[in-house]
Structures are given as C-alpha cells and as structure tokens.
Amino acid sequence: MPDRPLRLGDVTDDYCPRCRLLLNHDVATLAEGKVAKATCRTCYNTHDYRHGQVPTRRKSKKDDNKSLMDQVLAGMPPPPDPPRAPVVPVKKRRDLWAEVERLKKK
C-alpha cells in the first residue's frame, strides 16, 4: 500500500508530553499539508506534532546534589581521632577452695 499524506483524523505515532510516552495520536490540524497538532488517544491532550521524537533526558539532580556534597566534605577538616578505650583493671578471681581451707584452719 503506497504511503499517502496524512489527513484529519488519521492515526499516527507521536510523543505525548503529558503521558511522556510514544503513543497513538489523531491528527488534529494540518498546515500546508503537514501535521501541525495531534491529539493523544490516551489522555486526549492536544499538542504540537513532534514527529515521534522522544526528547533527550535531562541530567538528573541526584548527580548535582552528590557532587555538591562531595565539595562540602572536601572543604571540611578531617574528624578527630576517637578516644582510646579506658583501661579497666582486671579483678582477681577469688579462689573459693583457698577460702574454704583458710576457714578450716581457724
């Protein structure tokens, strides 16, 4: 079937900015024989025809926040060394048998 020019009401694929997906659209307006506006068949949003081009992704803000945090941490002084654990004297264990022998002698 030869390609024919699109007419009003024809279905075409286009990128919907509201749905953020490449979906079926109806041709809403024509200008000089070319599609000017399209209506999404999912959300019924009418927008400029984008020729099925998905926009490029923006740089995520998580990377910006991470690099900013790294800059802040790089400017801070290193943390102090943790204090040493206190030395706890070891108690001598009582020898119970020695106590019994000592009491017997008395």
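Right above here is the structure, for reference.
Novice: Which parts of the structure should I look at to understand the pattern of salt bridges?
Specialist: Oppositely charged side chains may form a pair once their charged atoms are brought near each other. Enumeration over the complete set of coordinates arrives at four salt bridges. For the salt bridge of Arg4 with Asp10, the shortest nitrogen-to-oxygen distance reads 3.0 Å. Owing to a relative accessible area of 44%, Arg4 belongs among the partly exposed residues under this scheme. With relative accessibility at 13%, the residue Asp10 sits in the buried group. Between Asp26 and Arg41 there is a salt bridge, with its nearest N and O atoms 3.0 Å apart.

Novice: I'm lost on a nonpolar patch on the surface in this one. Help?
Specialist: Taken together, Leu68, Met69, Val72, Leu73 and Met76 make up a surface patch of nonpolar side chains, about 490 Å² in accessible area. By secondary structure assignment, the location of Met76 is in the loop between helix H1 (61-75) and helix H2 (96-105).

Novice: What am I meant to see in the side chain of Asp10 here?
Specialist: Among the structural elements, Asp10 can be located in the segment before strand E1 (11-16). There is a polar contact of 2.8 Å between the side chain of Asp10 and the backbone nitrogen of Arg7.

Novice: I'm lost on the sheet that holds strand E3 (residues 34-40) in this one. Help?
Specialist: Strand pairing within a sheet occurs via backbone hydrogen bonds; the two strands may be parallel or antiparallel. Across the sheet, four strands lie side by side as E1-E2-E3-E4; this open sheet has antiparallel pairing. Strands with a single pairing partner mark the edges of an open sheet, and in this sheet they are E1 and strand E4 (46-48). Here the average twist between neighbouring strands, direction ignored, is 50 degrees. With three bridges joining them, E3 and E4 adopt antiparallel strand pairing. Within E4, the position partnered with Thr39 by the bridge is Thr46.

Novice: Hey, could you run me through the environment of Leu21 in this one?
Specialist: Mapped onto the elements of the fold, Leu21 is located in strand E2 (residues 21-31). Between the alpha carbons of Leu21 and Glu101 there is a distance of 91 Å; along the sequence they are 80 residues apart. For Leu21, the contacting residues outside a window of four places in its chain are Asp14, Tyr15 and Cys16.

Novice: Looking at this structure, how should I read the pairing of E2?
Specialist: A regular strand places its side chains on the two faces of the sheet in alternate fashion. Bridge count for E1 against E2 is six bridges, and the pairing is antiparallel. Looking at the pairing, Thr12 lines up with His25 of E2. Counting the residues between successive antiparallel strands, the hairpin from E1 to E2 contains four residues, one of them, Arg20, with a positive phi of roughly 60 degrees. Both E2 and E3 contribute to a ladder of six bridges, which runs antiparallel. By the bridge assignment, Thr29 is partnered in E3 with Lys37.

Each value, and the rule that gives it
- Residues numbered from 1 in each chain as written.
- Predicted model: local features only at pLDDT ≥ 70, side-chain atom pairs only at ≥ 80, totals over all residues.
- Heavy atoms only, no water.
- Salt bridge = Lys/Arg side-chain N within 4 Å of Asp/Glu carboxyl O.
- Buried < 20%, exposed > 50% of the residue type's maximum accessible area, 1.4 Å probe, protein only.
- Patch = residues over 30% accessible without salt bridge, like charges linked within 9 Å, V, L, I, M, F, W, Y side chains within 5 Å.
- Areas by Shrake-Rupley, 256 points an atom, 1.4 Å probe, with all protein chains shown as cover.
- Helix = DSSP H or I, 4+ residues; strand = E, 2+ residues; numbered from the N terminus.
- Polar contact = N/O pair within 3.5 Å; in protein donor to acceptor, adjacent residues only side chain to side chain.
- Pairing = 2+ DSSP bridges.
- Axes fitted to C-alpha atoms, helices over the stretch in contact; angles between N-to-C directions.
- Contact = heavy atoms within 4.5 Å.

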